Amino acid sequence: GSSDPYCIVKIDDETIIRTATVWKTLSPFWGEEYEVHLQPTFHSVSIYVMDEDALSHDDVIGKVCITRDMLAEHPKGFSGWVSLSEVDPDEEVQGEIHLRVEVPGSQDSRRVLCCTVLEAR
């Protein structure tokens, strides 16, 4: 089978980005870059991997949550495979994404998050 995946990025449950849909694949590549300014009081950045469905509601494949504490534990950033976690406890989740996350310093007293999805599977 295949999916029609796209991602939604939320900061503290507020949707700020929706990627393009990549049709009919289990190994999507988006090649999109976004610059996001984090407020000093932010708690988490969540990346939801969705499956677009033209005939009904889009399905949530899974999500990855990057918390403020995780960023503090890795001040130089981190890179590696992160397993998707479930959003709906009744749904099985399979898959992982290879992330590179950095906060390269402050600009105008605001923190900038650089998060790259290198691969998905």
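You'll find the structure just up there.
Computed from a prediction, not measured in an experiment: that's the story for all the values here.

Student: Would you take a moment to explain the layout of surface pockets for this structure?
Tutor: Leftover empty space is mapped by rolling, across the atoms, a probe with the size of a water molecule. Approximately 590 Å³ is the volume found for the largest pocket. In this structure, the largest pocket is lined by 23 residues; those nearest its centre are Glu32, Tyr34, Cys115, Thr116 and Val117. When residues of the lining of the largest pocket are traced back to their parent elements, those giving at least two are strand 1 (5–11), strand 2 (14–18), strand 4 (44–51) and strand 9 (110–120). Take the lining of the largest pocket: its biggest share by element is 7 residues, from strand 9. Of the residues contributing to the lining of the largest pocket, the split by class is 17 nonpolar, 3 polar and 3 charged.

Student: Looking at this structure, I do not really get the packing of aromatic side chains. What am I missing?
Tutor: Centre distance and the angle of the planes are the two values used to describe a pair of aromatic rings. Tallying each qualifying case throughout the model produces 0 aromatic pairs. Of note, Arg18 hangs over the ring of Tyr6, and the distance from its end group to the ring centre comes to 3.6 Å. It is Arg121 that lies over the ring of Trp81; its NZ or CZ is 3.7 Å from the centre.

Student: Can you help me understand the state of the cysteines in this one?
Tutor: Covalent bonding between the sulfur atoms of two cysteines is what defines a disulfide. Under the defined criterion, the tally for this structure stands at 0 disulfides. You can see Cys115 has no disulfide; the closest cysteine sulfur is in Cys114, sitting 7.7 Å from it. For Cys115, a relative accessible area of 30% translates into the label partly exposed.

Student: Just checking my understanding: could you explain the nonpolar core for this structure?
Tutor: Nonpolar side chains tend to gather and get buried jointly when the protein is soluble and globular. Counting 23 residues, the largest nonpolar core has Leu38, Val45, Leu71, Leu99, Val101 and Leu113 as its most contacted members. Elements with a contribution of two residues or more to this core: strand 1, strand 3 (36–38), strand 4, strand 5 (59–67), strand 7 (96–102) and strand 9.

Student: Just checking my understanding: could you explain unusual backbone geometry for this structure?
Tutor: A negative phi angle is the norm for most residues apart from glycine, just as the trans form is the norm for most peptide bonds. A positive phi is found at Asp12, a non-glycine position, where the angle reads about 50°. Mapped onto the fold, Asp12 is located in the loop between strand 1 and strand 2.

Student: Which parts of the structure should I look at to understand the environment of Leu38?
Tutor: Residue placement: Leu38 occurs in strand 3. Between the C-alpha atoms of Leu38 and Gly77, which are 39 residues apart in sequence, the distance is 15 Å.

About the cut-offs
- Residues numbered from 1 in each chain as written.
- Predicted model: local features only at pLDDT ≥ 70, side-chain atom pairs only at ≥ 80, totals over all residues.
- Heavy atoms only, no water.
- 1 Å grid on protein atoms, 1.4 Å probe; cavity = no way out; pocket = protein on both sides within 12 Å on 5 of 7 lines; lining within 4 Å.
- Points joined across faces, edges and corners; volume = space filled by probe spheres on them.
- Helix = DSSP H or I, 4+ residues; strand = E, 2+ residues; numbered from the N terminus.
- Nonpolar A, V, L, I, M, F, W, Y, C, P; charged D, E, K, R; others polar.
- Phe/Tyr/Trp six-rings, centres within 6.5 Å; stacked < 30°, edge-to-face > 60°.
- Lys NZ or Arg CZ within 6 Å of the ring centre and 35° of its normal.
- Disulfide = S-S within 2.5 Å.
- Buried < 20%, exposed > 50% of the residue type's maximum accessible area, 1.4 Å probe, protein only.
- Core = buried A, V, L, I, M, F, W, Y, C linked by side-chain atoms within 4.5 Å.

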